[in-house]
Amino acid sequence: MVLLHRIEAKWRKAWETAKIFEADPDPKRKKCFVTFPYSYANGPLHVGHAFTATRVDAYARYKRMQGYNVLFPWAWHWTGQSIAGASERVKSGDKAFIKALREIDGVPEQELRKLVDPTYMASYYTNENRETTRRAGFSIDWRREFNTTSPIFSKFIEWQYKKLREKGYVVKGTHPVVWCSKCKSPTGDHDRQEGEGVTPEEYVLIKFKYEGKYLPAATFRPETIYGATNIWVHPNADYAEVEVDGERWIVSEKAAKKLEEQKRKVKTVRSLKGKVLIGKEVTNPVTEEKHMIFPAWFVDVAHATGVVYSVPAHAPLDWLALRDLKQSPTSMKKFGIKPQEVEKIQPVSMISVEGFGEFPALEIIDRLGVKDQCDPRADEATKLLYKKEFHGGVLKDICGKYAGKRVQGVKEVLINDFKEGNIADTMYDLPEPVVCRCLTPCIVKVLEEQWFLKYSDLKWKEKVKEALQNANVYPETAVPWFLSTIDWLKERPCARKSGLGTPLPWNKEWIIDTLSDSTIYMAFYTIIKQIRQRRITPEQLTPAIFDYIFYGKGETEAIASISKLDRRILESIRNEFLYWYPVDMRNSGKELIPNHLTFFLFHHAALFPRKLWPQIIGANGMLMIEGKKMSKSKGNWITFRNVIEEFGADSTRCALLLGAEGMDDPDWRSESVRDIKDKLESFYRLAEIIIGEAENEEFGWIEKWLFSVLQKKAKIVTDSIESLKTRTALETALFEVWNDFRWYTRRKGDLKAKALREALNVWIRLLSPFAPHICEELWEKVEGKGFVSLAEWPEYDVNLINPLAEESENLVKSILEDTLSIIRATKLTPTKIYLYTATEWKWEVYQKALSTSGEGMPISQSDLMKTLMKREEMKKKASKVARFSGQIVNEINRMGKNRREELHSIGPLDEAALLLEAKSFLERELKAEIVVFKEDDDHKFDPENRARLAKPFRPAIYVK
RNA sequence: GCGGGGGUUGCCAAGCAUGGUUAAAGGCGUAGCCCUGAGGCGGCUAUCCCGCAGGGGUUCGUGGGUUCAAAUCCCACCUCCCGCACCA
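Residues numbered from 1 in each chain as written. Chains lettered and ligands numbered in written order. Predicted model: local features only at pLDDT ≥ 70, side-chain atom pairs only at ≥ 80, totals over all residues. Heavy atoms only, no water.

Enquirer: Now, about the sheet that holds strand 22 (residues 472-474): what can you tell me, with residues and values included?
Expert: Spatially, five strands are ordered 3-1-27-28-22 in an open sheet, and the strand pairing comes out parallel. Sheet topology places strand 3 (69-71) and strand 22 at the edges, where each strand pairs with a single neighbour. Within this sheet the neighbouring strands show an average axis-to-axis angle of 15°, counted without direction. Sheet topology places strand 22 next to strand 28 (residues 616-620); three bridges connect them, and they run parallel. In the strand pairing of strand 28, N472 is matched with I616. (Pairing = 2+ DSSP bridges. Helix = DSSP H or I, 4+ residues; strand = E, 2+ residues; numbered from the N terminus. Axes fitted to C-alpha atoms, helices over the stretch in contact; angles between N-to-C directions.)

This is how it looks when you write it as structure tokens:
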């Protein structure tokens, strides 16, 4: 462990001193620009960040070794309200929060009290996390670091917004939000004490006419108005007559207050109790029928208007309430209702739905056995029927112009028609209570003068889809998710009134939404270095300058003089942008697909020409901790810093990458990190031995074999990293290659060949994107000069592929395995093992069979025989040939085409020679004498008559 | 509800887009042996079941189907996880 830490510190320093990760434009080299979504500076980096970032770094390092001029920059996200919120919690002395800071984040006491200042908090974590990032060994160009509240960055964001507005992508409008009247701000999910996931719902209010006024009854099912039979109000609740936008409405008092928050002009005229309304009549604005107002205790005045209309045929609660009412004539008298008024009310059927008769509500009540309106199953019945009728319902003849239409299809149309005819209005409300963390019940507020990004714009969406198609997405399974997100996105509010960030350029009291800071900021990385080096001030960064840099717009000379900039500087910045852009690879957690990554595409599509759109987009799973989701409250929060200190950077990086790829969620287990650490240490020791022992120039079969399989492994690693399959890549580079080295060592019996050291040289390079420090140290030992970080990536070399060598080793391996299997099955302890290699004519038959089945069609034994019998020598032993060909036809047919071609191209093996070569190895392994015969050797020892079982690639065995 | 991704041999996890070389990579764990003063590390062997000859049998969520051949293709079902907006 000490060793690993020492190595890591050494190379971290060496890289920084040599500045090898600082990337400047170089027209002679291909470039590669990779980015990681900057982390939010309200806490320490955790192992989840580490997983995603390590994937980016491994890719960056791999590309750099391939000769690309790689730029991997890093920055810090300070904007938004989380940091403000967090320091607020410190200020207010939130005990649990402070405890977490102290114990999980490891904030020292003297720093803790300074965190009441949000800017201080952001810079505190930025410093912490920068150090963590350094220790992780990420190959970052630090000259381009910035945070998102810097004045220069703000200028860039302002430019972005001006452009978007010019293109009509930023629009003004209103928007309903869950609102806390005490905090005077929207109450997001994380700010809630109660009501997680609850969003404002739009209710349709059917305006029943009542004495020159309106009684607006709230519903989600306005189509049922054709089945209305009466109105329900709560007799004991408080209602009010109010003036709403010039009309007289009667709604609950609570509803009146809510409407005020929803951009309506509301003036209370008088208060009244619900019972005042009972027994009165209203007019159905659609059917012009008269309905009486009845009392109902299920009506909740805290919900929408506190007025509902009754559709007993299709709404279980309405039917139940009506039935309850009919059964208690006394209560009706109390309200002055004649029992016959209730008696005469019959359900009106107006939706036909499969599986139900005239009155679905009645049927479903029977089926579920609902007792009365207080029975909790009443709710279940309502939901069930609603779903049924919505998806499968058709409106009946009494439904006017909507008759015969499906409920699902006609609903929107009907609502619009009703609104236009002043039959209906709408209001927002919360379907379930929401309580703010400050314990205030929330309401819905319609925010005015809200600014929106018009993600609903169909032309924009089309362009984004092009951008998506233009990019390679890894894994590909993420594509449908992107597509559905693009389709689903609507107007999105893009400015808030609180938190850190850039004010809207045309309305400074609004602050630009934090997610807009992360859409095209990669372009900023390409220019910040020079802006800083040239000491350009924020004031100089006018929109015209950005237009020039990003679009090449305008006369260089003129633009330069207005901003008091040297023309050459301006050109140089423009060129640097053009050199690095587009983004070649951006990778993030999959949870950012529905927001950040899609917005990233939206804004690029809107602001940049096609050739500057992103090239590769990667998404990965969410890190789990010992099988559970990481969360501070569960206490399984693991910081990146801590694991680096405990296990070392290389072990951490490898353990993370070996966890998962694609969109699978990797699992962090401390046990497996320890294993990886041991593995790396043991790899290090093995490498040292190989380096130390290399002395001779041998390059025999086994060396050829090693280099051949190494090529294949290099190819797998290369192809895998290329498509961001980092797990496969590392698994191959570490374990699979290791197994090849093991087999070599075992076969060879020593580590003295210089060729082995050459192979190690390749191995170190294959591993270095993943475990860069340890590989750097070994590179120094094996190569003596330069950085492995800049060494040439081992490309697959087809000239080193040696099928014959591989097949020879396969032969030795399978002899060893088969013999062991025989020993196991027979429980013999052999003293002598006889091997019999197949005779020549069998090889001829075998080759013939391989070649005639070349086209991938199965061969038949009879066809094979026909071909073979053309030759006299074969005819002479026709029965033997027939028996043998029968044995191999199936086996060959079952091979893939490639395998057949490969075996055919190798031709007959000199198995006897190969086995003699491997004799001492086999004797060592099997602890018995090995004797090799040819099948047709007349002097062979073959008491069990096994020799005749020999087949090509499969010598017969006799164990004694 | 809508949308997305999964269910593989003790565990983690490949394979599935291009069906056959797959009882199914690799890692971990477990057992035996070797190495070592001991431990760790390392090496070998085994690890679905059966087997005194390299073999046989039964497997890849469940149930059907296509095919000479299916973990891989088709259909239905069961089941787990994730996202759903003013939060980053």
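Additional details are given in the paragraphs that follow.
Enquirer: Go over the environment of T732 with me, naming the residues and quoting the values.
Expert: For T732, the position within the fold is in helix 26 (residues 726-748). When its relative accessible area of 3% is taken as the criterion, T732 is described as buried. Spatially, the C-alpha atoms of T732 and P955 are 31 Å apart, while their sequence positions differ by 223 residues. (Buried < 20%, exposed > 50% of the residue type's maximum accessible area, 1.4 Å probe, protein only.)

Enquirer: Break down the protein's contact with RNA strand B for me, with residues and values.
Expert: Taken together, 55 residues form the shell around RNA strand B, and within it H175, P493, R496, K679 and R685 come nearest. Here RNA strand B approaches the protein such that, of its atoms within 4 Å, sugar and phosphate make up 67%. At 3.1 Å from a phosphate oxygen of RNA strand B is found a side-chain nitrogen or oxygen belonging to R746. One nitrogen or oxygen atom from the main chain of V959 is found 2.8 Å from a base nitrogen belonging to RNA strand B. Counting only elements with at least two residues in the surface near RNA strand B, the list comes to helix 16 (478-488), strand 23 (492-493), helix 21 (593-607), helix 24 (670-693), helix 26, helix 29 (803-826) and strand 34 (956-959). In terms of residue count, helix 26 provides more of the surface near RNA strand B than any other element does, seven residues in total. (Near = heavy atom within 4 Å. Polar contact = N/O pair within 3.5 Å; in protein donor to acceptor, adjacent residues only side chain to side chain.)

Enquirer: How would you summarise the nonpolar core if you had to cite specific residues and measurements?
Expert: One finds W668 and L922 to be the most contacted residues of the largest nonpolar core, which totals 162 residues. Counting residues per element, this core draws most heavily on helix 2 (residues 47-65), which supplies ten residues. Y38, W159, W460 and F599 belong to the second largest nonpolar core, which has 75 residues in total. (Core = buried A, V, L, I, M, F, W, Y, C linked by side-chain atoms within 4.5 Å.)

Enquirer: Describe in detail the sheet that holds strand 5 (residues 170-180), supporting the description with residues and values.
Expert: With antiparallel pairing, four strands are arranged side by side in an open sheet as 6-5-21-23. Looking at strand neighbours, the two that pair on one side only are strand 6 (185-186) and strand 23, the edges of this open sheet. Relative to strand 21 (residues 443-453), strand 5 runs antiparallel, the two being bridged by nine bridges. Residue V171 lies in a different strand from strand 21, and its bridge partner there is F452.

Enquirer: Before we move on, can you summarise the pattern of salt bridges with the specific residues and values?
Expert: Within the structure shown, the criterion is met by 70 salt bridges. Between R143 and D24 there is a salt bridge, with the nearest N and O atoms lying 3.1 Å from each other. Of this pair, R143 sits in the loop between helix 6 (118-135) and helix 7 (151-166) while D24 sits in the loop between helix 1 (2-18) and strand 1 (31-35); the two residues are 119 residues apart in sequence, bridging distant segments of the chain. The residue K529 makes a salt bridge to D24 at a minimum N-O spacing of 2.5 Å. Of this pair, K529 sits in helix 17 (residues 522-533) while D24 is found in the loop between helix 1 and strand 1, placing the two residues 505 residues apart along the sequence. For K529, a relative accessible area of 6% corresponds to the buried category. (Salt bridge = Lys/Arg side-chain N within 4 Å of Asp/Glu carboxyl O.)

Enquirer: Explain the packing of helix 9 (residues 316-326) against helix 13 (residues 377-392) to me, and be specific about the residues and the numbers.
Expert: Packed helix pairs are specified by the crossing angle of their axes together with the interaxial distance, meaning the distance between the axes. It is the contact of helix 9 with helix 13, at a shortest axis distance of 8 Å, that shows an interaxial angle of 135°. Considering the angle they form, helix 9 stands oblique to helix 13. Residues P316, L317 and L320 of helix 9 form the contact with helix 13, whose participating residues are A378, A381, T382 and L385. Among the residues forming the contact of helix 9 with helix 13, the class breakdown is six nonpolar, one polar and no charged. (Parallel < 35°, antiparallel > 145°, perpendicular 65-115°, else oblique. Contact = heavy atoms within 4.5 Å. Nonpolar A, V, L, I, M, F, W, Y, C, P; charged D, E, K, R; others polar.)

Enquirer: For the domain arrangement of chain A, give the residues involved together with the corresponding values.
Expert: By the assigned domains, chain A splits into domain 1 (149-163 + 514-581), domain 2 (201-363 + 394-429), domain 3 (669-803) and domain 4 (818-959). The gap between the C-alpha centroids of domain 1 and domain 4 is 73 Å. (Domains from an automatic or database assignment.)

Enquirer: Tell me about the pairing of strand 21, residues and numbers included.
Expert: Among the eleven residues in strand 21, eight count as buried, and that is most of the element. With two bridges joining them, strand 21 and strand 23 adopt antiparallel strand pairing. Bridge pairing in strand 23 places F452 opposite P493.

Enquirer: A description of the environment of G197 should follow, citing residues and the corresponding values.
Expert: Structurally, the position occupied by G197 is in the loop between strand 7 (192-194) and strand 8 (201-210). If we ignore the near neighbours within four places in the chain, the residues touching G197 are D189 and R192.

Enquirer: Provide a residue-level description of the packing of aromatic side chains, including the pertinent values.
Expert: All told, the structure shown has 61 aromatic pairs when counted by the stated rule. For the ring pair Y834 and Y958, a centre distance of 5.9 Å and an interplane angle of 25° mean the geometry is stacked. On the criterion of sequence distance, the pair formed by Y834 in strand 32 (residues 832-837) and Y958 in strand 34 is long-range, its members being 124 residues apart. Take Y834 and Y958: they sit in the same class, and that class is buried. (Phe/Tyr/Trp six-rings, centres within 6.5 Å; stacked < 30°, edge-to-face > 60°.)

Enquirer: Explain helix 1 to me, and be specific about the residues and the numbers.
Expert: Here helix 1 is 17 residues long and its end C-alpha atoms lie 24 Å apart, about the 24 Å a rise of 1.5 Å per residue gives. For helix 1, the full list of buried residues reads L4, I7, E8, W11, R12 and W15. One face of helix 1 carries all of its buried residues, which in axial projection span an arc of 130°. Relative to its buried face, helix 1 has exposed residues pointing more than 90 degrees away, namely V2, K13 and T17. Tucked inside the fold, the buried residues of helix 1 contact helix 2, helix 6, helix 22 (640-647), helix 23 (649-659), helix 24 and helix 28 (772-783). With its phi angle positive at about 50°, K19 sits one or two positions after the end of helix 1. (Expected span 1.5 Å × (residues − 1). Arc of directions from axis to C-beta.)

Enquirer: Give a description of unusual backbone geometry that names residues and reports values.
Expert: Between Y474 and the following residue, P475, the backbone shows a cis peptide bond with an omega angle of -5°. Its place among the elements puts P475 in the loop between strand 22 and helix 16. Residue P582 is bonded to the preceding Y581 through a cis peptide linkage, with omega at 5°. In the Ramachandran plot, K263 falls in the positive-phi region, its phi being about 65° despite a non-glycine side chain.

Enquirer: For the pairing of strand 1, give the residues involved together with the corresponding values.
Expert: Burial analysis of strand 1 places five of its five residues in the buried class, which makes it a mostly covered element. For strand 1 and strand 3, the ladder comprises three bridges, and the chain directions are parallel. In the strand pairing of strand 3, F33 is matched with L71. Note that strand 1 and strand 27 (residues 585-589) share two bridges and pair parallel.

Enquirer: So what's going on with helix 13? Which residues, and what values?
Expert: If you check helix 13, its first and last C-alpha atoms are 22 Å apart, about what 16 residues at 1.5 Å a residue would give, namely 22 Å. Those residues of helix 13 that fall on the buried side of the exposure criterion are A378, A381, L385, E389 and F390. An end-on view of helix 13 places all buried positions within 150° of arc, on one side of the element. Exposed side chains of helix 13 directed beyond 90 degrees from the buried face belong to K383 and K387.

Enquirer: Pulling in residues and values, what's your account of a positive patch on the surface?
Expert: There is a patch of like positive charges on the surface, built from K880, R883, R946 and R948. Note that R883 resides in helix 33 (residues 878-893). (Patch = residues over 30% accessible without salt bridge, like charges linked within 9 Å, V, L, I, M, F, W, Y side chains within 5 Å. Areas by Shrake-Rupley, 256 points an atom, 1.4 Å probe, with all protein chains shown as cover. Lys, Arg positive; Asp, Glu negative; His and termini not counted. Charge placed at Lys NZ, Arg CZ, Asp CG, Glu CD.)

Enquirer: How would you sum up the side chain of T229? Please name residues and give values.
Expert: In this fold, T229 is placed in the loop between strand 9 (213-219) and strand 10 (230-233). By relative accessible area, T229 is classed as buried at 9%. Only 2.7 Å separates the side chain of T229 from the side chain of N230, close enough to count as a polar contact. Ignoring anything within four residues of it in the chain, the contact list for T229 reads H291, S310, P312, I345, Q346 and V348.

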